[in-house]
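What the coordinates show
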Amino acid sequence: MRTQPSAALRDPLLEARNVSKRYGDFVALRDVSLSVNNGEVVSIVGPNGAGKTTLVNTLTGLFVPTTGEVRFLGEKLADNDIVKLSTQGLARAFQLVNIFPDLTVRETLSVAAGSYSGLRWRMMQNFRHNNAVQTIVEEIAQAFGLHTSLDVLSSALPHGKRKLLDVASALALHPKVLLLDEPTAGVSTADKYGIMETLLAAAKKMNVGAIMLVEHDMDLVSRYSTRIIAMQDGAKIADSPAAEFFQNEEVLSIVVGKASH
């Protein structure tokens, strides 16, 4: 994920152009412009209520901007069909374990793999016998260390493996851009780096172009980000390479409440 993109790949994979989002008189996003390029791991940081989740929801088509536009692979998002977008290469982890707690790991991954293969969820009973789907399932499970748990109920997995399954489900869609909301939330300090290393290695293996994540853990942000975007009150207040970001004491004081990391 850290390789420099060639000149042919420098056009943004995902782009927001002067995006604002209003709810009546409340402004959730204020004229936000940003781009996500091939080879990047971009972290979105900021205090609670800064607009991070609204931004990701808008970037993934879940919310329609009040003004401005979002472009994916150069095309304007015309609607908020997140299922269609996910099969076109813009995916986010939606915590399928919580949505379908009674599915096994294999079945959970099959939902995403089946969507990527153009199958409908009503055909779930046929997923196990679909070679294309099961090839994806086995590949993803192996990449995330879930291959020995394929027939275990998703809800019975340890918390760390449930988090991995959430991300694995998104990667089963073979995305060009993967968006994650605190992928290690609730995971012990001892496990969080392992999850990130597994995530990044799997993303590289699956040829994911870029990753964008909302993250509060500044240790993870510092270690894994190539670029960091800081938000406050719905506005973008910083957008810089990681090393430069952590030298900006004014922004750090807003993001983490102190001028150091």
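Residues numbered from 1 in each chain as written. Predicted model: local features only at pLDDT ≥ 70, side-chain atom pairs only at ≥ 80, totals over all residues. Heavy atoms only, no water.

1. Quick word on the overall build of the protein
The condition that has to hold: Where helices and strands are cited, they refer to DSSP runs of H or I of at least four residues and of E of at least two residues respectively, numbered from the N terminus. A contact between two residues is defined here by any heavy atoms of the two lying within 4.5 Å.
Scanning the protein from N- to C-terminus turns up eleven helices and ten strands. Here the analysis covers contacts within the protein between residues at least 6 apart in sequence; of these, 67% occur between residues at least 24 apart.

2. Section: the packing of helix H7 (residues 159–171) against helix H8 (residues 189–205)
To keep things clear, this is the line we draw: Orientation is described by axes fitted as lines to C-alpha atoms, over the contacting stretch for helices, and by angles from 0 to 180 degrees between their N-to-C directions. The scheme is simple: roughly parallel for angles under 35 degrees, roughly antiparallel for over 145, roughly perpendicular for 65 to 115, oblique for anything else. Left-handed describes a crossing whose near helix is turned anticlockwise from the far helix through less than a right angle; right-handed describes the clockwise counterpart. Each residue is assigned to one of three groups, with Ala, Val, Leu, Ile, Met, Phe, Trp, Tyr, Cys and Pro labelled nonpolar, Asp, Glu, Lys and Arg labelled charged, and all others, Gly among them, labelled polar.
With their axes 11 Å apart at the nearest point, H7 and H8 run at an angle of 20 degrees to one another. Judged by the angle between their axes, H7 and H8 are roughly parallel. Judged by the sense of rotation from one axis to the other, the crossing of H7 with H8 is right-handed. Contacts between H7 and H8 involve Gly160, Lys163, Leu164, Val167 and Leu171 from the former and Ile195, Thr198, Leu199, Ala202 and Ala203 from the latter. When the residues that make up the contact of H7 with H8 are grouped by side-chain class, the tally is seven nonpolar, two polar and one charged.

3. Remarks on the pairing of strand S1 (residues 14–23)
Worth spelling out the cut-off: A pair of strands is considered paired only if DSSP assigns at least 2 bridges between the two.
Pairing between S1 and strand S2 (residues 26–36): seven bridges, direction antiparallel. Considered in S2, the bridge of Glu15 is made with Ser35. Between S1 and the antiparallel strand that follows it, S2, lie two residues; Gly24 among them carries a positive phi value of about 65 degrees. Direction of pairing for S1 relative to strand S4 (residues 67–72): antiparallel, over a ladder of five bridges. Note on S4: the bridge partner recorded for Leu14 is Phe72.

4. Some remarks on the sheet that holds strand S3 (residues 41–45)
Backbone-to-backbone hydrogen bonds pair the strands of a sheet. The strands run either parallel or antiparallel. With respect to topology, six strands assemble into an open sheet ordered S6-S7-S8-S3-S9-S10, the strand pairing being mixed. Because the sheet does not close on itself, it has two edges, and the strands there are strand S6 (90–92) and strand S10 (235–241). Each strand of the sheet is rotated relative to its neighbour by a mean of 20 degrees, with strand direction disregarded. Sheet analysis places strand S7 (residues 177–181) next to strand S8 (residues 210–214), joined by five bridges and oriented parallel. Its bridge partner lying in S8, Leu180 is registered against Leu213. Strand contacts of H7: S6 and S7, with the helix running at about 155 degrees to S7, the strand carrying the most contacts.

5. Comments concerning the nonpolar core
Definition in use: The set of buried Ala, Val, Leu, Ile, Met, Phe, Trp, Tyr and Cys residues whose side-chain atoms join them within 4.5 Å is what this entry labels a nonpolar core. Residue burial is assigned from relative accessible area. The probe radius is 1.4 Å, only protein chains are included, and a residue is buried under 20% of its type maximum, exposed over 50%, and partly exposed in between.
Within the largest apolar cluster, 40 residues are counted, with the highest numbers of intra-cluster contacts made by Leu109, Ile140, Phe144, Leu178, Leu180 and Ile211. Counting 26 residues, the second largest nonpolar core, distinct from the first, contains Leu14, Val56, Met212 and Val214.

Distances and angles like these do not, on their own, reveal function.
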